[in-house]
Amino acid sequence: MHNKNGPTLGYSFQSGIKIIEEKGLYFKDLNKSGHLEPYKDWRLPAEERAKDLASKLSIEEIAGLMLYSRHQSIPAKPRGPFASTYDGKPFDERMANSWDLSDQQKEFLIKDHLRHVLVTSVESPEVAVKWNNNVQAIVESVGFGIPANNSSDPRHASDASKEFNEGAGGQISMWPESLGLAATFSPEIVRQFGEIAAKEYRALGLTTALSPQVDIATDPRWYRFEGTFGEDPKLSTDLGRAYIDGFQTSTGSAEIEAGWGFDSVNTMVKHWPGGGSGEAGRDAHWGFGKYAVYPGDNFDEHLQPFTEGAFQLEGKTKKAAAVMPYYTISYEQDKVNKENVGNSYSQYLIKDLLQGTYQYDGVVCTDWLITADEPESVDQFAGKPWGVEELTVAERHYKLLMAGVDQFGGNNEMGPILEAYQMGVAEHGETFMRQRMEQSAVKLLKNIFRTGLFENPYLDVRESAEKVGHPHFMREGYQAQLKSLVMLKNRKAMLPIMKKQTVYIPKRYYPEQVDWFGNKISDKMEYPIHVDMVKQYYDVTDDPKQADFALVCMKGPDSGDGYCKEDREAGGSGYVPISLQYRPYDATEARSPSIAGDTREVIDRSYQGKKVVASNESDLDLILETKEKMQDKPVIVSLHLSNPAIVSEFEPYADSILVHFGVQDQAILDIISGNVEPSGLLPMQMPDDMETVEKQCEDVPHDMECYVDEEGNKYDFAFGLNWDGIIRDERTEKYRKG
């Protein structure tokens, strides 16, 4: 239904709603009352509409708004940790359509009133659109017709095997990982990414991005380093601001109000107050990494990307729509209550600091599964109720409500919220608790109103298929990939190497891996780059004697996550080093005792004197063996990094070193062959050795001794080479230290 000088209304005949006409304008009668109540009136501000609707909702309906679903794939998974059924049988056994809703999805949408859905993998844009339309038709038919606010974690990573062809589209545009975007040192590129990604999100039925991750990665060992914009507060602030402005801003006819509109995607900036300072680099997805520490007394600097970036946008939307605190216990940082609890549970961090001192009035959503019970051992992936393990599930919800949290990540059932509500009624009275629940409901509803979902949550299959992976979007993503590559070394101007020469590419050993959920991935030996792609540039040989040069593709060292079950079973603490070198590492310089520990498990988590070896130590052997085989002929290294690395072990054996953070193979070859000049800069320091890693403070950026190569170049933050030598431009002038 089209409104002149107003929004187009989209609705489902199956939902049973009618259209209200007033003075030639049309409005959706979402609750079938026959009256034009304020929440249905698209002429009113989102705030007024949200307050009107929140006042009408039952406590059960508000509790449903406060839920954020567990991971949902399209089609639903028939087996595994997120197994789903269709008419009571495994999803694939009933020959359901890929876009059909599972029994579990129908239950949490209708019975639990859930309206915020986290979408993971999608079979295709067409399937995503049909699934979205099915979801929206169901929720439109019940209660007040509140649309679903579907969301996604970052989904624009590059597929190394895919070929970029000018003018060709794809399933979705491909960009560097966040660390690669940081390597461009360009807020303009990051904003452009946000603008394009938002258009593709909306075409897939996604209206919230669980990003950006603006934690400053001040410990080089952190598991989630590659999801950040690096270690520098100023760069992270500028790039985070640009990212959010790109995602959230609608312009022209797409704008509804104050920069928000039909092209807008809410961002959920994470992780307040910063998760990059886990002790010894361990990560809080597991119990062994629950503590963030501040030996450099540098807590405040971690807030900068939020307070000066995400909450001070250049665009009209002004601030990120939502904030996600991290799992970690920010150890000894509660200046009022002296509590050491997970960040979402901390009244000091949420109500006093975030909402009080910094006046943040958007949605606060917990990270996933923090209200669930912890596993039997700290290395298992399960609930993460750090610091409140002794509370019941309902008591955890109540503590979160009182701390100022609005939404519970990874929770599909409203029951514990209703129990928490009754706890509040008993302590504070029904009037107080009703007001508290409505306060969160208004925030949550505003994000749905501002993106136009109440007017039209439906999508056209053909239009979405044309928009997602549009050739222009693919082209811009590929250009960003090219600009994200960093050249660290180029002895005797070895690069570029002209096309049609002959290259030797040694096969790489991929050790056995275990994914987040404990599933094993078998080892293998294969080419580390797609040879068919290489053949478009060079002749390929398996005989080093016939080659003009060698290309060694390797990944940064991977020594694990800092916990070893075998050490624990042998009588140790279980805590071991995380190493950034390939060869075995003996942690003689490690901190002892640890700063933080758990009286319920291990008080002293020090790993001093323990050894660890990278699972991919064979990568180092690969380059050493290749250099020996090639003798005096050039050896080019392509190094895929997700963390800083100790490059001293192989740098002398490489003639040129290219670093990337997840790109298509073609981008690497375009640099090597000279089609494009390298322009990326390091978004982090590359440490000289593990001793400087052990001595740095987990919470302080730029505090390591950096590696200096055989040509005298220091691999420091903002270092990079082009064909003429060290890059010095407006980016390095603005961001380089010293």
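Structural data are supplied above this passage.
So, here is what we can say about the structure in this document. Just so we're clear, the structure is a prediction, and the values are computed from it rather than from any experiment.

Thresholds, definitions, all that
- Residues numbered from 1 in each chain as written.
- Predicted model: local features only at pLDDT ≥ 70, side-chain atom pairs only at ≥ 80, totals over all residues.
- Heavy atoms only, no water.
- Helix = DSSP H or I, 4+ residues; strand = E, 2+ residues; numbered from the N terminus.
- Expected span 1.5 Å × (residues − 1).
- Buried < 20%, exposed > 50% of the residue type's maximum accessible area, 1.4 Å probe, protein only.
- 1 Å grid on protein atoms, 1.4 Å probe; cavity = no way out; pocket = protein on both sides within 12 Å on 5 of 7 lines; lining within 4 Å.
- Points joined across faces, edges and corners; volume = space filled by probe spheres on them.
- Nonpolar A, V, L, I, M, F, W, Y, C, P; charged D, E, K, R; others polar.
- Lys, Arg positive; Asp, Glu negative; His and termini not counted.
- Salt bridge = Lys/Arg side-chain N within 4 Å of Asp/Glu carboxyl O.
- Polar contact = N/O pair within 3.5 Å; in protein donor to acceptor, adjacent residues only side chain to side chain.
- Contact = heavy atoms within 4.5 Å.
- Pairing = 2+ DSSP bridges.
- Phe/Tyr/Trp six-rings, centres within 6.5 Å; stacked < 30°, edge-to-face > 60°.
- Core = buried A, V, L, I, M, F, W, Y, C linked by side-chain atoms within 4.5 Å.
- Axes fitted to C-alpha atoms, helices over the stretch in contact; angles between N-to-C directions.
- Left-handed = near helix turned anticlockwise from the far one by under 90°.

On to helix α4 (residues 125–140), then. Structural remark: α-helix, 3.6 residues per turn; residues separated by three or four positions point the same way. End to end, α4 covers 22 Å across 16 residues, agreeing with the expected 22 Å (1.5 Å per residue, within 8%). Restricting attention to buried positions, one finds in α4 the residues Pro125, Val127, Ala128, Val129, Trp131, Asn132, Asn133, Val135, Gln136, Ala137, Val139 and Glu140.

On to empty space enclosed by the protein, then. Tallied over the full model, the rule gives 8 cavities of 30 Å³ or more. Approximately 100 Å³ is the volume found for the largest cavity. Lining the largest cavity are 14 residues, with Glu279, Ala280, Arg591, Tyr607 and Glu698 positioned closest to its centre. Its residues assigned to classes, the lining of the largest cavity comprises 4 nonpolar, 3 polar and 7 charged. Estimates place the volume of the second largest cavity at around 60 Å³. Elements represented by at least two residues in the lining of the second largest cavity include exactly β12 (266–272) and α12 (430–450). The element best represented in the lining of the second largest cavity is β12, accounting for 3 residues. The residue inventory of the lining of the second largest cavity, partitioned by class, reads 6 nonpolar, 7 polar and no charged.

Mapped onto the elements, Asp283 comes out in the loop between β12 and β13 (291–292). Although Asp283 is buried, it forms no salt bridge, and the closest oppositely charged side chain is Arg224 at an N-O distance of 5.1 Å. Looking at Asp283, its side chain comes within polar contact range of the side chain of Trp222, at 2.8 Å. Within the structure, the side chain of Asp283 is placed 2.5 Å from the side chain of Tyr326, a separation counted as a polar contact. Residues contacting Asp283, with those up to four places away along its chain left out, are Trp222, Tyr223, Arg224, Phe288, Gly289 and Tyr326.

Once that is clear, we can look at the sheet that holds strand β8 (residues 149–152). Pairing in this open sheet of 7 strands is parallel, and the strands run β4-β7-β8-β9-β12-β14-β16 from one edge to the other. Pairing within the sheet leaves two strands with one partner each, and these edge strands are β4 (71–74) and β16 (363–364). Across 3 bridges, the pairing between β4 and strand β7 (residues 116–122) is parallel. Bridge pairing in β7 links His71 to Leu118.

Moving on, we come to the packing of aromatic side chains. Describing an aromatic ring pair means giving the distance of the ring centres and the angle of the ring planes. In this structure the tally under the stated criterion is 34 aromatic pairs. Arranged with centres 5.4 Å apart and planes meeting at 45 degrees, the rings of Phe185 and Phe717 form a pair that is tilted. Taken as a pair, Phe185 in the loop between α5 (178–183) and α6 (187–203) and Phe717 in the loop between α19 (690–695) and β30 (721–722) lie far apart in primary sequence, 532 residues in all. Comparing Phe185 with Phe717, the two get one shared label, buried. Relative to Tyr563, the ring of Phe288 lies with its centre 5.4 Å away and its plane at 5 degrees, an arrangement referred to as stacked. Here Phe288 is found in the loop between β12 and β13, whereas its partner Tyr563 is found in the loop between β25 (549–555) and α16 (565–569), with 275 residues between them in sequence. Here the aromatic residues Trp175, Phe193, Tyr201, Phe229, Tyr243 and Phe247 are joined through ring pairs into a cluster of three or more.

Counting 184 residues, the largest nonpolar core has Trp272, Leu445 and Phe650 as the members making the most contacts within it. Among residues more than four places away in sequence, those in contact with Leu445 are Ala50, Leu53, Ala54, Leu57, Leu65, Ile146 and Phe454. Ranked by size, the runner-up nonpolar core spans 11 residues in total, among them Leu580, Ala587, Tyr607 and Val612.

Tracing the chain through its elements places Gln696 in the loop between α19 and β30. The exposure class assigned to Gln696 is buried, which follows from its relative accessible area of 2%. At 3.2 Å, the side chain of Gln696 and the backbone oxygen of Val693 are in polar contact. Apart from the residues lying within four places of it in its own chain, the contact partners of Gln696 are Thr218, Asp219, Pro220, Arg221, Asp703 and Met704.

Looking now at the environment of Arg583. Mapped onto the elements, Arg583 comes out in the loop between α16 and β26 (585–586). Taking the relative accessible area as the measure of exposure, Arg583 reaches 26% and is therefore partly exposed. Residues Arg583 and Glu617, 34 residues apart in the sequence, show an inter-C-alpha distance of 6.1 Å. Aside from chain neighbours lying at most four places away, what touches Arg583 is Val612, Val613, Glu617, Leu620, Asp621, Leu624 and Glu649.

In this section: the layout of surface pockets. For the second largest pocket, the calculated volume is near 450 Å³. Lining the second largest pocket we find 23 residues, and of these Arg202, Phe262, Tyr458, Leu459 and Glu463 sit closest to its centre. Contributions of two or more residues to the lining of the second largest pocket are made by α4, α6 and α13 (461–467). In terms of residue class, the lining of the second largest pocket is built from 9 nonpolar, 8 polar and 6 charged.

With that settled, the discussion passes to the environment of Ala441. With respect to the secondary-structure elements, Ala441 resides in helix α12. What makes Ala441 buried here is its relative accessible area of 0%. Separated by 30 residues in the primary sequence, Ala441 and Pro471 have C-alpha atoms spaced 40 Å apart. Once you skip the residues sitting within four places of it in the chain, Ala441 turns out to touch Ala54, Ile62 and Leu65.

Let us look at unusual backbone geometry. Cis geometry marks the peptide bond from Ser211 to Pro212; its omega dihedral reads 10 degrees. Turning to its location among the elements, Pro212 is positioned in the loop between β9 (208–209) and α7 (233–248). Cis peptide bonds are those with omega within 30 degrees of zero, and the linkage from Trp272 to Pro273 qualifies with -5 degrees. Secondary-structure assignment places Pro273 in the loop between β12 and β13. Residue Lys500 is not a glycine yet carries a positive backbone phi of 75 degrees. For Lys500, the position within the fold is in the loop between β18 (486–490) and β19 (502–504). Of the residues examined, Lys500 reaches a relative accessible area of 55% and is grouped as exposed.

What follows covers the packing of α6 against helix α14 (residues 471–484). Relative placement of two packed helices is described by the angle separating their axes and the distance separating the axes. Where α6 contacts α14, the axes come no closer than 11 Å and their chain directions differ by 145 degrees. For the pair α6 and α14, the sense of crossing is left-handed. Residues Ile189, Gln192, Ile196, Lys199 and Glu200 of α6 form the contact with α14, whose own contacting residues are Phe473, Glu476, Ala480 and Lys483. Of the residues contributing to the contact of α6 with α14, the split by class is 4 nonpolar, 1 polar and 4 charged.

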